[in-house]
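Read off the chains here:
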Amino acid sequence: MPESHEHVITIRGLVNRFGSQVVHDDLQLDVRRDEILGVVGGSGTGKSVLLRSILGLHGPNEGRIEVLGQKIRYHEPGPHKQWGVLFQGGALLSGLTVQENVELPIALHSDLSVGMRRELAVLKIFMVGLDLNAAAKYPNELSGGMQKRASLARALSLEPKILFLDEPTAGLDPISASQFDQLVRYLGDNLDLTIVMITHDVDTLFGVCDRVAVLVNKGIIVDTVDEIVKHPDPWIQEYFGDPRAVRARRAAKAKVNT
Amino acid sequence: MNAFLTVEKQGGLLQVFLKDDWVFDNLNILQETLDNIIPETETQVKFSCGGLKNFDLAGAWVLYERSMDFEEIGVTTDFEGFRASHFKFLQHIIDIAATKEYVPGYFDPKPSHFVRNGIRKLGENTIEAVDSVGYIARAVLDGVKRPSRLVVGEIIRQVHATGAAAIPIVMTVCFLMGIVLAYQSARQLEQFGANIFMVDLVATSIFRELGVLLAAIMVAGRSGSAFAAALGTMKLTEEVDALRVMGLNPNQILIIPRVVGLMIALPVLTVFANIAGLAGGAFIGATVLDINWFSFTERLAETIDVNDVLVGLSKAPVFAFLIAVTGTLRGMQVKGSAEELGRLTTVAVVQSIFLIIVADAIFTVVYSRIGF
């Protein structure tokens, strides 16, 4: 693969251990600008630990992580204004309305007037497919899918360069999940966004992602969706050989061809 | 003239060239700059982006909003020369604007009605209070009707967590209170040369009032809050619902063991509190007031009878009941948000201490009337 791509995230020699259990051993990863990268792996392979390491929420035992040229240190400020995160449960602040949740990062990181702040927040809320009705509600009054959308609006509120999604379609019904996939794809295409998402959803993987990173053997294997299925690793073969994965791949192909 | 745009007038056309970074970080200046463009005689404004470097949604949004302002006063606007990578942001805004409409008055603050809200709040609180009494009765009934083996283990755990674990802190506080009482009473009694009556004062107040009261207040702070927070979190994470679905009665599993456990623990704690309080008094007597251990115990035996001890101990189960019920009930009332959890935990502690003091006042009046 020619090194013509600009990398927004580089990880070198990442090691994560919990007691005697080694989760990552000398893991390397480069995330290219404007790509949508899906991260998959069996349970216990450290998908979440990887994400938390990148975000500075977990201190790895060894290794160097850079995001947009900035070195990430455990529990120290990272490029807050340039990344947005959609946590698995949404992690909306339950004491604030959706509108206030989306406004919060804008209020924290800028000196915009209240009016502008509100309208920018409304713009983001509209962008993720919610309306003002939903904006005025508290998170616990929304359905799971709407909470994820609201959380996505908050992640996008500061015009981030990188968007991290942790299992964005987990817990959604197939229709909501498919709509969410479309939304992510749309945002990826229409904003200058690099998207890194942890997902188990094979439909998401084939339908949305440009490349796939598979966590196996304490390391990571990255390739395009079409190439990764040919990789000889047994876990990858099992994962992508699963009937559901095969069907999802066919469906994604058919969609591209029509 | 400006870092972000240059303006050229060409007859009826106002040509605006955008430059540099039209991004979120510059939003305030961008807005200001755009507001300064005021067409005088021109009927057309053209935005073109020759020197535009970075562009994002926020930049596109201020531009679009301003163009809408122009349209409103009858000036036509046009966007030209945008590269595809830039125009997609603008297109995005136009798309959103086309499908959605702002609801007028969405941001207007809602008028507040002090009187109406006050009355409503009063009504809600009344209903809540009645509801609570019913809930407690129901929980107790559930516990009595179908006692389960699970509950016994849980009660023992609660006795340990609320009682045994609290012994050091309760004893320390009461020891210090004994010291304070001994000092303060000795200062008054010294004037009459009646130092020895310090023992009466310390022992009576510790046994009848302060031992149990301090223990109860400490427990309200420790365990009342723990009950509310634990049950509240369980409500938020649907653990309570999970119990219900498994056919277990949350009242029985969660509330009864805490209430019963605390009603066992607090009387025992009170005994420890009394001992520590007396020890504090005796310590000051021996070291400062020239009342040695022997005369202290002798005087104690003369002045205190078993009634004094029983008065204090009899209050303990009642206080325990109030603390445990308030804590668990407030915990079960949590729904929705983490903030609610914090609020109700505070309410649990404040209310249980309030109820303890009220109950103590009633006890004192009643006991003195019947001469107990």
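Residues numbered from 1 in each chain as written. Chains lettered and ligands numbered in written order. Predicted model: local features only at pLDDT ≥ 70, side-chain atom pairs only at ≥ 80, totals over all residues.

**Student:** Please set out the overall build of chain B residue by residue, giving values where relevant.
**Tutor:** Each helix and strand in chain B was counted, giving 12 helices and 4 strands. For 372 residues, the compact-globule estimate of 2.2 N^0.38 gives 21 Å, and the C-alpha radius of gyration of chain B, at 36 Å, exceeds that figure by more than 25%. Counting only C-alpha atoms and orienting by the principal axes, one finds that chain B spans roughly 110 × 60 × 40 Å. Within the span of chain B, comprising 372 residues, buried residues form 36% of the whole. (Helix = DSSP H or I, 4+ residues; strand = E, 2+ residues; numbered from the N terminus. Rg over C-alpha atoms; globule rule 2.2 N^0.38 Å. Buried ≥ 20, exposed ≤ 12 C-beta atoms within 10 Å, placed from the backbone.)

**Student:** Go over the overall build of chain A, please, and point to the residues and values.
**Tutor:** Within chain A, the secondary structure is distributed over 10 helices and 10 strands. Since a compact globule built from 258 residues should have a radius of gyration of about 18 Å, the 18 Å found for chain A is in line with a globular shape. The C-alpha extent of chain A, read off along each of the three principal axes, is 55 × 45 × 35 Å. Out of the 258 residues belonging to chain A, those deemed buried represent 41%. Of the contacts made within chain A by residues no fewer than 6 positions apart, 64% connect residues no fewer than 24 positions apart. (Contact = placed C-beta atoms within 7 Å.)

**Student:** Describe the packing of helix α6 (residues 167–189) of chain B against helix α7 (residues 198–236) of chain B, listing the residues and the values that go with them.
**Tutor:** When two helices pack together, their arrangement is given by the angle between the helix axes and by the axis-to-axis distance. Residues and elements named next belong to chain B. In the contact formed by α6 and α7, the axes pass within 10 Å of each other and the chain directions differ by 145 degrees. The element α6 and its partner α7 pack so that their crossing is right-handed. Judged by residue contacts, I169, V170, V173, C174, M177, G178, L181, A182, S185, A186 and L189 of α6 engage M198, L201, V202, S205, I206, L210, G211, L214, A215 and M218 from α7. (Axes fitted to C-alpha atoms, helices over the stretch in contact; angles between N-to-C directions. Left-handed = near helix turned anticlockwise from the far one by under 90°.)

**Student:** Quick one: what's the story with the sheet that holds strand β3 (residues 36–41) of chain A, residue by residue and with numbers?
**Tutor:** Whenever strands of a sheet pair, they do so through backbone hydrogen bonds, lying parallel or antiparallel. Residues and elements named next belong to chain A. Strand order across the open sheet formed by 6 strands is β6-β7-β8-β3-β9-β10, with mixed pairing between neighbours. At either end of the open sheet lies a strand with only one pairing partner, and these are β6 (83–86) and β10 (219–224). Here the strands of the sheet are splayed against their neighbours by 20 degrees on average, with no regard to which way each runs. Pairing analysis gives 6 bridges linking strand β9 (residues 211–216) to β10, with the strands arranged antiparallel. Pairing of A213 across the sheet is with V222, part of β10. (Pairing = 2+ DSSP bridges.)

**Student:** Account for unusual backbone geometry, naming residues and giving values.
**Tutor:** Residues and elements named next belong to chain A. One non-glycine residue, E167, lies in positive phi territory at about 45 degrees. Along the chain, the position of E167 falls in the loop between β7 (162–166) and α6 (174–190). We note that K218 has phi near 65 degrees; this positive angle belongs to a residue other than glycine. Mapped onto the elements of the fold, K218 is located in the loop between β9 and β10.

**Student:** Quick one: what's the story with the sheet that holds strand β1 (residues 7–18) of chain A, residue by residue and with numbers?
**Tutor:** All names here are of chain A. Reading across the sheet, the 4 strands line up as β2-β1-β4-β5 and stay open at both edges, with antiparallel pairing between neighbours. What marks the edges here is a single partner per strand, and that holds for β2 (21–32) and β5 (70–71). Here strand β4 (residues 62–67) runs beside β5; their pairing, made up of 2 bridges, is antiparallel. Within β5, the residue paired with E66 across the bridge is K71. Along the sheet, helix α1 (residues 47–54) makes contact with β1, β2 and β4, crossing β1 at roughly 120 degrees.

**Student:** Which residues make up the interface of chain B and chain A, and what values do they have?
**Tutor:** Every contact between the two is made by 20 residues of chain B and, on the other side, 18 residues of chain A. If you list the elements that add at least two residues to the side of chain B that touches chain A, you get α1 (27–35), α2 (57–72), α3 (84–99) and α12 (338–370) of chain B. In terms of residue class, the side of chain B that touches chain A is made up of 11 nonpolar, 5 polar and 4 charged. (Nonpolar A, V, L, I, M, F, W, Y, C, P; charged D, E, K, R; others polar.)

**Student:** I'd like a description of the nonpolar core, backed by residues and values.
**Tutor:** Formed by 93 residues in total, the largest nonpolar core has its most connected members in A:V39, A:I125, A:A153, A:F164, B:A60 and B:W61. Per element, the largest residue contribution to this core is 8 residues, and it comes from α2(B). Apart from residues lying up to four places away in sequence, B:W61 is in contact with A:L120, A:L123 and B:I93. With 63 residues, the next largest nonpolar core counts B:V212, B:M263, B:F296 and B:A324 among its residues. (Core = buried A, V, L, I, M, F, W, Y, C linked by C-beta atoms within 7 Å.)

**Student:** So what's going on with the confidence of the model for chain B? Which residues, and what values?
**Tutor:** In regions of low pLDDT, the predicted coordinates are not meant to be interpreted in detail. All names here are of chain B. Per-residue confidence for chain B averages 85 on the pLDDT scale, and 94% of its residues sit at or above 70. α12 holds the highest mean pLDDT among the elements of chain B, 92, whereas α3 holds the lowest, 73. For this predicted complex, the interface confidence score (ipTM) comes to 0.75, while the overall pTM stands at 0.71. (pLDDT = per-residue confidence, 0-100.)

**Student:** Which residues make up the environment of B:V45, and what values do they have?
**Tutor:** Residue and element names in this part refer to chain B. Looking at the secondary structure, you find V45 in strand β3 (residues 44–55). With 276 residues separating them along the chain, V45 and F321 place their C-alpha atoms 76 Å apart. Apart from residues lying up to four places away in sequence, V45 is in contact with L14, V16, P39, F70, V75 and T77.

**Student:** Which residues make up the pairing of strand β1 (residues 5–10) of chain B, and what values do they have?
**Tutor:** Residues and elements named next belong to chain B. Pairing between β1 and strand β2 (residues 13–22): 6 bridges, direction antiparallel. By the bridge assignment, V7 is partnered in β2 with V16. Between the antiparallel neighbours β1 and β2 lie 2 residues, among them G11 with a positive phi of about 65 degrees.

**Student:** An account of the packing of α7(B) against α12(B) is needed here, citing residue identities and associated values.
**Tutor:** Residue and element names in this part refer to chain B. Across the interface, α7 lies against α12 with an axial gap of 9 Å and an inter-helix angle of 150 degrees. One element, α7, and the other, α12, form an angle in the roughly antiparallel class. By crossing handedness, the relation of α7 to α12 is classed as right-handed. (Parallel < 35°, antiparallel > 145°, perpendicular 65-115°, else oblique.)

**Student:** Explain the environment of A:W83 to me, and be specific about the residues and the numbers.
**Tutor:** Locating A:W83 in the fold gives a position in strand β6. For the pair formed by A:W83 and A:G38, sequence separation is 45 residues and the distance between their alpha carbons is 17 Å.

**Student:** Summarise α7(B); cite the residues concerned and give the values.
**Tutor:** Of all the bends in α7(B), the greatest, near 60 degrees, is centred on B:I206. Of the residues one or two after α7(B), B:E238 is the one with positive phi, at around 65 degrees. (Bend = angle between axes of the 7 residues up to and from the residue.)

**Student:** Pulling in residues and values, what's your account of the environment of B:G336?
**Tutor:** Within the element layout of this structure, B:G336 appears in the loop between α11 (306–333) and α12. Distance from B:G336 to B:L189, taken between C-alpha atoms, is 58 Å for residues 147 residues apart in sequence. Residues contacting B:G336, with those up to four places away along its chain left out, are A:S94, A:Y138 and A:N140.

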